[in-house]
Amino acid sequence: MRLKPFTHLAGVFSAILLSSSAVAGNDNVLGQWQTLNDDGQPESLVEIYRAEDEVQGRIVKLYDPAKQDAVCTQCEGEQLNQPIAGLVIITGLQAEEERWVDGQVLDPETGSEYGCSLWVENGVLKLKAGIGFLTQTREWVRPDV
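Small disclaimer: the values here were computed from a predicted structure and weren't measured.

Student: What am I meant to see in the nonpolar core here?
Tutor: Across soluble globular proteins, nonpolar side chains have a tendency to be buried as a group. Counting 23 residues, the largest nonpolar core has Ile-48, Ile-89, Ile-90, Leu-93, Leu-118, Leu-127 and Trp-140 as the members making the most contacts within it. Taken together, the elements giving at least two residues each to this core come down to strand E2 (42–51), strand E3 (54–62), strand E4 (88–96), strand E5 (99–107), strand E6 (112–121) and strand E7 (124–131). Setting aside chain neighbours within four positions, we find Leu-93 in contact with Asp-53, Glu-54, Val-55, Trp-100, Val-101, Gly-103, Cys-116, Ser-117 and Leu-118.

Next up, the structure:
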């Protein structure tokens, strides 16, 4: 059976538009977010950004003056002994509907990496991280301008 060229092109354009709108719907995670400690106080400032076809995140600033010069002593590879401020801690996130999924997040205090996903709910960024069914969801907020 022979397909008409126009019909085939229309299907290709539809697929492109659908994938573009799915990614555009996820752009609300991009920008700067404050991580919060267990008391709800700002701990660090993280920038979430696009890196080609994935989303990544890096620590921009640590709020505790005593940690300003902290380095990642527990990290492995290229991140070992690198300053925590500036460290890329989130990698590999891929668009899936309204979320970014299948990424990795690094805990610079322990050097441990966990699977993660990100999404925004009611203006709050949710980062779900863990191993298997053992997960934890953290909430990050936009910094006051």
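Student: Even after reading the chapter, I still don't get the sheet that holds strand E1 (residues 31–36), so can you show me in this structure?
Tutor: Sheet strands pair via backbone hydrogen bonds, and the direction of the pair is either parallel or antiparallel. Read from one edge of the open sheet, eight strands run E1-E2-E3-E4-E5-E6-E7-E8, paired in antiparallel fashion. Pairing within the sheet leaves two strands with one partner each, and these edge strands are E1 and strand E8 (134–140). Strand-to-strand twist across the sheet, computed as the mean angle between neighbouring axes with direction ignored, equals 30°.

Student: Sorry if this is basic, but what is going on with the packing of aromatic side chains here?
Tutor: Aromatic rings in a pair are described by how distant their centres are and how their planes are angled relative to each other. Inspection of the entire model under this criterion finds zero aromatic pairs. For the cation-ring pair, Arg-99 lies above Trp-119, with the distance from its terminal atom to the ring centre recorded as 3.7 Å.

Student: It is not clear to me how the pairing of E3 should be interpreted in this structure. Could you clarify?
Tutor: Regular strands place their side chains on alternate faces of the sheet. As judged from the eight bridges shared by E2 and E3, these two strands associate in the antiparallel manner. In the strand pairing of E3, Ser-44 is matched with Leu-62. Where E2 folds back onto E3 in an antiparallel hairpin, the turn is made up of two residues, including Glu-52, whose phi is positive at roughly 60°. Pairing between E3 and E4: three bridges, direction antiparallel. Among the inter-strand pairings, Arg-58 is bridged to a residue of E4, identified as Val-88.

Student: What exactly am I supposed to notice about the environment of Thr-137 here?
Tutor: Among the structural elements, Thr-137 can be located in strand E8. Overall, the relative accessible area of 40% leaves Thr-137 in the partly exposed class. In the structure, Thr-137 is positioned 21 residues away from Cys-116 in sequence and 9.3 Å away in space, judged by C-alpha atoms. Excluding residues within four positions of it along the chain, Thr-137 makes contact with Trp-119, Lys-126, Leu-127 and Lys-128.

Student: What should I look at first to understand the side chain of Gln-56 in this one?
Tutor: If you trace the backbone, Gln-56 turns up in strand E3. A distance of 2.8 Å separates the side chain of Gln-56 from the side chain of Glu-54, its partner in a polar contact. Once residues within four sequence positions are removed from consideration, Gln-56 is found in contact with Glu-47, Ile-48, Tyr-49, Ala-51, Val-88, Ile-90 and Thr-91.

Basis of the calculations
Residues numbered from 1 in each chain as written. Predicted model: local features only at pLDDT ≥ 70, side-chain atom pairs only at ≥ 80, totals over all residues. Heavy atoms only, no water. Core = buried A, V, L, I, M, F, W, Y, C linked by side-chain atoms within 4.5 Å. Buried < 20%, exposed > 50% of the residue type's maximum accessible area, 1.4 Å probe, protein only. Helix = DSSP H or I, 4+ residues; strand = E, 2+ residues; numbered from the N terminus. Contact = heavy atoms within 4.5 Å. Pairing = 2+ DSSP bridges. Axes fitted to C-alpha atoms, helices over the stretch in contact; angles between N-to-C directions. Phe/Tyr/Trp six-rings, centres within 6.5 Å; stacked < 30°, edge-to-face > 60°. Lys NZ or Arg CZ within 6 Å of the ring centre and 35° of its normal. Polar contact = N/O pair within 3.5 Å; in protein donor to acceptor, adjacent residues only side chain to side chain.

Keep in mind these values describe shape, not function.
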